[in-house]
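Examining the three-dimensional arrangement
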Amino acid sequence: GDGGPATSARLNSPTCVAVDAAGNLLIADTQNHRIRKVTPVGLISTLAGTGSAAFNGDGGPGTSASFQSPQGLALDAAGNLYVADSQNHRVRKLAPDGRISTIAGSGARGFGGDAGPAILANLNSPSRVAVDAAGNLLIADTGNHRIRRVTPAGLITTIAGAGTFGYSGDGGLATGAQLYSPGGVALNAAGDLFIADTQNHRIRKVSVRAEPPVVEPALGVPFVERQLPSNYTPSAKFVVTLQAKAPAGTQVYAVEDQPPAGWAVGTISHAGSFSPTDQMVRFGPFFDATARNLTYEVTPPAGESGTEEFRGKASADGVDSAIGGLNTIALADLGQRHPADNNPADNRMKISEVTAYGAAWRSGTSWPTGPNPIPISYLTRAGALWRGGETYRLDPNIPEPPLWWVNDTAAAPQNRGSGRANVSLMAQSSSPPWVTGHLPDRFVPGQAFVIQLAVRPPANASAYAVEDRLPDGWTASSISHDGAWDARNRQVKWGPFFDNQPRQLRYEIVAAADSTQAVVFQGTASFDGASSVIAGQRQSRATSRLGRIGQLSSGELQIELHGRIGAKYVIEASSNLLDWTRVGEATNTDGTLVFKDEGSVRSQRFYRVVSP
C-alpha cells in the first residue's frame, strides 16, 4: 500500500501512533517491522524499516535500517522520532533528516549500565517511550520491570521500579516500588509521570514533587564490562568476568567489584584480592593500557533466592567509571527438571541430551538453562541418570542440586542401578582421593612440561569427568584421552566417561614466559554428580636452566639461559666446583647472559648463576 491511500494499505499488528508538527500520523507497524507515515491527505509510506526482522542501518537512512518488532513512538521538540525497537532491546532515534542511530541499549537482553552511557546499557524488551520538557527520554523497560531515563547528555538511570516483578511501594520512593511489565509512559504539564503497570492492572503515578531529583554522577565512559551467567543456582560456583579495555593512552587503571552479600569468593585472576571487610574484589593497579579479562569465582549460599546485584567501578588515570554490562542475576528456575533435559514433559535423560550437554561443558559454551558455565557435577549427574535408566525425579529429601535428581526406581531397570544409590558414593568409597596430580616441583618459564592425573574412580561410579584449571597466560596441548582445552574458562577437560575404569590422564603445558613465583593448579573431578578436588602435587615454582656457553669475538662469554626474560642474575665462577667467586651481573634480555671473566684464560672454569 505504500504510495497510495492509507485506507487501502495493509498493516500487521500496529501498536503505537504519534503525530508530528506537520500533522503526519506516524505508526509503529510492529509485525511488519516498519515505521509508517500517513500524510494529512491520507497517503501512506514507509518512514523507516526494511521489513526484515533484524538490527542494522545505524548511521544511514531510516529506510535502509532494520527493526525487530518496533513498538513505542515519541517525538521531541526538535522533531526527532524515538522508537522502542523492542526485540532488538534498543531505543533508536530517527532524525528529521532521515538518519537513524541508537540512543539506548547495547543490544544484549538484560539489565545493566545505570549511571553510565545509555548506548552501553542493557534493556529488556522496551515497549514505550516518552520525552519530558527537559529533553529527557523515558523508557518503559518492560522486561526489567523498570522505567529508565536517558538525559540529553546520554546517561541512563532507573527512576521507577525495583527490578523485581510484583506490586508494592505506593507512598514511597519510585525506585523502591515494584512494577510488573510496565507497558506505557506519559507525562502531564507539571512533569508527573504516569505508568501503565500492565500486569498489575493499574496506572501508577510518579510525582516530581515526591521524587527527589536525580543527580547525575560525574563519571567517565565505562571501559569495563561485566559478564554473568543467565542465572545462578544456590551452592553452585560460577565465574564472573570483567572485560577491561582501558582507553588508549591510559597510564594506570584499577577495577573493583562487589558480589552480593554472603556470596563466597574463590579463585581470583591477575593477582587480584578479596577484602572480607567490604566484600570487594580488587584488581590492579595496572600500569599500562593493556586489555584484560579479569575473573573471579563466586558461590551463592545454599539458601539464596531471588534476583541479586553486583556493584563495581573502574578508574583510569584518576577518572572513575561504572562497570557496564550485566549487574543482576536471577535464581535459576530449575523446578523438577535437570538443565540437560530438553523435554520438560518426559523427565527422561536421553543419550542425545547427555552428549549435547557434555559437548557444551567441554567447549565452555553457555547452555540455555543455567547454571553457566556448566558445573562438572551437573554433567556427571546427567550421565549417571542416563546410565541409571533415564527416567528420573527430584528427591525432596536431598537439599541441593545436582544430587537431588535421582533415578525413578519404579521405572528404572533393576540391573542398571539408580542415581539415588549413588548420592552417598563419596562416603561409601574406602580409598579417596579419586584423582591424584603429579607435576615437577620446578618449572622453567617459557618451556613445556607434563602434568599427569591418576584417576581411580569409586567402584560404584557410573559416569565421571575431570577438569583442571591453568594459571593465567599458560597454554595446554597434547591432551590425552580425547581431552579438550576450554579457552574461555582456562580449563583442560576430560570426559564424560560412562564407566568406572581407572585412567592416567596427561597433558603438556607451556609456562608463561613472565612467571616469577609459585603457581598452584586447581582441579575438580566429579563422579555421578559428587565432586572432589584433585589431590597430590599441585604446586610448582619457577626456576632457570643454563644451556651452552661460548665466547664472543669481543672476548666476552655468553651463556644460554632458559628463564624469565628481564630477570637479573649474579654470575659466579669456580675451578673446582667447591669455591665460587663472583665475576659479574647480567640481565636476561633475550635468553642469553653476556659477561667478562678474566680468569677464564688461565684455567678451566665452571659457571653458575644465582638470583641477587
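Note that the structure is a prediction, hence the values are computed from the model and not measured. (Residues numbered from 1 in each chain as written. Predicted model: local features only at pLDDT ≥ 70, side-chain atom pairs only at ≥ 80, totals over all residues. Heavy atoms only, no water.)

**A word on the packing of aromatic side chains**
What the rule picks out here adds up to 17 aromatic pairs. Residues Y378 and W405 carry aromatic rings whose centres are separated by 5.9 Å and whose planes lie at 70° to one another, so their mutual orientation is edge-to-face. With Y378 in helix α2 (residues 376-387) and W405 in strand β30 (residues 405-407), this pair connects stretches of sequence that are 27 residues apart. Note on accessibility: Y378 and W405 belong to one class, buried. (Phe/Tyr/Trp six-rings, centres within 6.5 Å; stacked < 30°, edge-to-face > 60°. Helix = DSSP H or I, 4+ residues; strand = E, 2+ residues; numbered from the N terminus. Buried < 20%, exposed > 50% of the residue type's maximum accessible area, 1.4 Å probe, protein only.)

**Overview of the nonpolar core**
In summary, soluble globular proteins display a tendency toward joint burial of nonpolar side chains. The biggest cluster of nonpolar side chains holds 27 residues, and the ones touching the most others in it are F449, V466, W474, Y507 and F521. Broken down by secondary-structure element, the contributors of at least two residues to this core are β33 (448-455), β34 (464-469), β37 (491-497), β38 (503-510) and β40 (522-527). If you tally residues by element for this core, the top one is β33, at four residues. Contact partners of V466, with chain neighbours within four places excluded, come to W361, I376, L453, V455, V492, K493, W494, L505, T524, A525 and I534. Y232, V240, V255 and L294 belong to the second largest nonpolar core, which has 24 residues in total. (Core = buried A, V, L, I, M, F, W, Y, C linked by side-chain atoms within 4.5 Å. Contact = heavy atoms within 4.5 Å.)

**Points about the confidence of the model for the protein**
Residue-level pLDDT values for the protein average 84, and 90% of them are 70 or greater. In the predicted structure, residues 210-219 sits below a pLDDT of 50 and forms 18 contacts with residues beyond four places in sequence or in another chain. (pLDDT = per-residue confidence, 0-100.)

**A short note on the environment of S477**
Summarising the element assignment, S477 is placed in strand β35 (residues 475-477). Between the C-alpha atoms of S477 and V492, which are 15 residues apart in sequence, the distance is 9.2 Å. In contact with S477, not counting residues within four places along its chain, are Y507 and E508.

**Quick look at the side chain of T250**
Tracing the chain through its elements places T250 in the loop between β18 (238-244) and β19 (253-258). With relative accessibility at 8%, the residue T250 sits in the buried group. Among the polar contacts made by the side chain of T250, one reaches the main-chain carbonyl oxygen of P247 at a distance of 2.6 Å. Apart from residues no more than four positions distant in its own chain, T250 is found in contact with D288, A289, A316 and D317. (Polar contact = N/O pair within 3.5 Å; in protein donor to acceptor, adjacent residues only side chain to side chain.)

**A short note on the sheet that holds strand β48 (residues 592-595)**
The three strands lie next to each other as β44-β45-β48, forming an open sheet whose pairing is antiparallel. Strands at the two margins of the open sheet, each flanked by one partner only, are β44 (545-551) and β48. Here the average twist between neighbouring strands, direction ignored, is 20°. (Pairing = 2+ DSSP bridges. Axes fitted to C-alpha atoms, helices over the stretch in contact; angles between N-to-C directions.)

**Quick word on the sheet that holds strand β2 (residues 25-29)**
Pairing in this open sheet of four strands is antiparallel, and the strands run β1-β2-β3-β4 from one edge to the other. Since the sheet does not close on itself, it has two edges, and those belong to β1 (14-19) and β4 (44-48), each with one partner. Each neighbouring strand pair of the sheet contributes to a mean axis angle of 30°, computed without reference to strand direction. Direction of pairing for β2 relative to strand β3 (residues 34-38): antiparallel, over a ladder of five bridges. Within β3, the position partnered with A28 by the bridge is I35.

**Side note on a nonpolar patch on the surface**
Together, V17, V19 and L25 line one region of the surface with nonpolar side chains, adding up to about 250 Å² of accessible area. For V19, the position within the fold is in strand β1. With a relative accessible area of 53%, V19 lands in the exposed category. (Patch = residues over 30% accessible without salt bridge, like charges linked within 9 Å, V, L, I, M, F, W, Y side chains within 5 Å. Areas by Shrake-Rupley, 256 points an atom, 1.4 Å probe, with all protein chains shown as cover. Salt bridge = Lys/Arg side-chain N within 4 Å of Asp/Glu carboxyl O.)

**Re the side chain of S574**
Among the structural elements, S574 can be located in strand β46 (residues 568-574). There is a polar contact of 2.8 Å between the side chain of S574 and the backbone nitrogen of L577. A polar contact of 2.8 Å, which involves the side chain of S574, links it to the backbone oxygen of D579. Among residues more than four places away in sequence, those in contact with S574 are D579, W580, Q604, R605 and F606.

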